[in-house]
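So the chains spell out like this:
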Amino acid sequence: MEYFYSIPFVKKPLPKNPFGIKTRSNQGNYIYLHKEAIKKVNPKVENFEERMGFSIDKKWFSGLSLQTQTCIKKSELNFNHGRLLYSILSRYIKDNINSNIEDLLILETGTARGFSSLCMAKALIDNMVNGKIITLDCIGHNEKIYWNSISDFSGKKTRNELLSQWEKELSKIIFIQGWTIETLKNLGLKRINFAFLDAQHTKKAVMSEFEFVNKHQSKGDLIFFDDVTPMLFDGVCDAVKEIESNYPYEIEKLDYDKKRGYALAKKI
């Protein structure tokens, strides 16, 4: 069973057809792009997975990335954040298995097609722990649209339909539609064990999301930042620098790709 909520008090209009109003390419091209991207080996990512002690099932990951991450875009396709999220969250679970944590709460900003949410849901399932992922996006979960995905060739779909073959993982996820900053303050969350921040990439937006998460985290809890890439996403980079300088978080920068960096923040 999937969970979806639309927040009625959001004032700004939500986007329509964010990925376009028609199919973007042919199915063969999507398959080709996926094969080219999935076969690329990044030794730094593999070493990180080895250090964490966890790596995501390759067959499962390939199927998900074809459906949700293979798209027509100017930048190079990159699926590594899904692998990193899975290994980091699995390590966190392992390290806290004997603590007083009964139900993990994971917060994601920027759901998009649901790739990252499902990777984290698989970590919960594979490690056999209770937990929920709350994921926020301005794109509705039950609105039929084109997704710039190989799935578009059978017509418009809801996100729920796009992800229907991952029913077990969907049961771990609560989808909320709304603008992130306005929505977060209306959520009655207590502790956020793990957060993945990947919505708007301005410094102001990232800091606003971080400030919310910071208030709801305890020692040892984690935040994973996507697109910590100088010259491309300076707002994210500046926010991470400010957090490292002025907040009780230890930052590990994961500069594994020239055009896509990441950062892991651990509360101390």
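These notes cover the structure that comes with them. Please read these numbers as outputs of a predicted model, since none were measured by experiment. (Residues numbered from 1 in each chain as written. Predicted model: local features only at pLDDT ≥ 70, side-chain atom pairs only at ≥ 80, totals over all residues. Heavy atoms only, no water.)

Glancing now at the environment of Ile251. For Ile251, the position within the fold is in strand S7 (residues 249-257). Residue classification places Ile251 among the buried positions, given a relative accessible area of 14%. Taking the C-alpha atoms as reference, Ile251 lies 27 Å from Gly188; in sequence the two are 63 residues apart. (Helix = DSSP H or I, 4+ residues; strand = E, 2+ residues; numbered from the N terminus. Buried < 20%, exposed > 50% of the residue type's maximum accessible area, 1.4 Å probe, protein only.)

Of the two faces of strand S5 (residues 194-197), the one lined by Phe194 and Phe196 and the one lined by Ala195 and Leu197 are each fully buried. As judged from the four bridges shared by strand S2 (residues 104-109) and S5, these two strands associate in the parallel manner. Bridged to Thr109 within S5 is Leu197. The pairing of S5 with strand S6 (residues 222-225) spans four bridges and is classified as parallel. For Phe194, the partnering residue across the bridge sits in S6 and is Leu222. Once the chain exits S5 it traverses helix H9 (residues 203-214) before rejoining the sheet at S6, and the crossover so formed is right-handed. (Pairing = 2+ DSSP bridges. Right-handed = clockwise from strand over helix to strand, strands pointing away.)

Now for the packing of helix H4 (residues 80-95) against helix H5 (residues 115-126). In the contact formed by H4 and H5, the axes pass within 9 Å of each other and the chain directions differ by 30 degrees. Classified by the angle between their axes, H4 and H5 sit roughly parallel to one another. The handedness of the crossing between H4 and H5 comes out as right-handed. Residue-level inspection shows His81, Gly82, Leu85, Tyr86, Leu89, Ser90 and Ile93 of H4 in contact with H5, the latter providing Phe115, Ser116, Cys119, Met120, Lys122, Ala123, Leu124 and Asp126. The class makeup of the residues in the contact of H4 with H5 is nine nonpolar, four polar and two charged. (Axes fitted to C-alpha atoms, helices over the stretch in contact; angles between N-to-C directions. Parallel < 35°, antiparallel > 145°, perpendicular 65-115°, else oblique. Left-handed = near helix turned anticlockwise from the far one by under 90°. Contact = heavy atoms within 4.5 Å. Nonpolar A, V, L, I, M, F, W, Y, C, P; charged D, E, K, R; others polar.)

Turning our attention to the environment of Asn78. Assignment of secondary structure puts Asn78 in the loop between helix H3 (58-68) and H4. Here the alpha-carbon distance between Asn78 and Ser149, two residues 71 residues apart in the chain, equals 15 Å. With residues up to four places along the chain from it excluded, the contact list for Asn78 reads Gln69, Asp257, Arg260 and Tyr262. Side-chain polar atoms of Asn78 contact the side chain of Asp257, separated by 3.3 Å. (Polar contact = N/O pair within 3.5 Å; in protein donor to acceptor, adjacent residues only side chain to side chain.)

By the element assignment, Ile72 lies in the loop between H3 and H4. For the pair Ile72 and Ser154, spaced 82 residues apart in sequence, the C-alpha to C-alpha distance is 17 Å. With near-sequence residues (within four places) excluded, Ile72 lies in contact with Arg24, Ser25, Asn29, Tyr30, Leu33 and Asn148.

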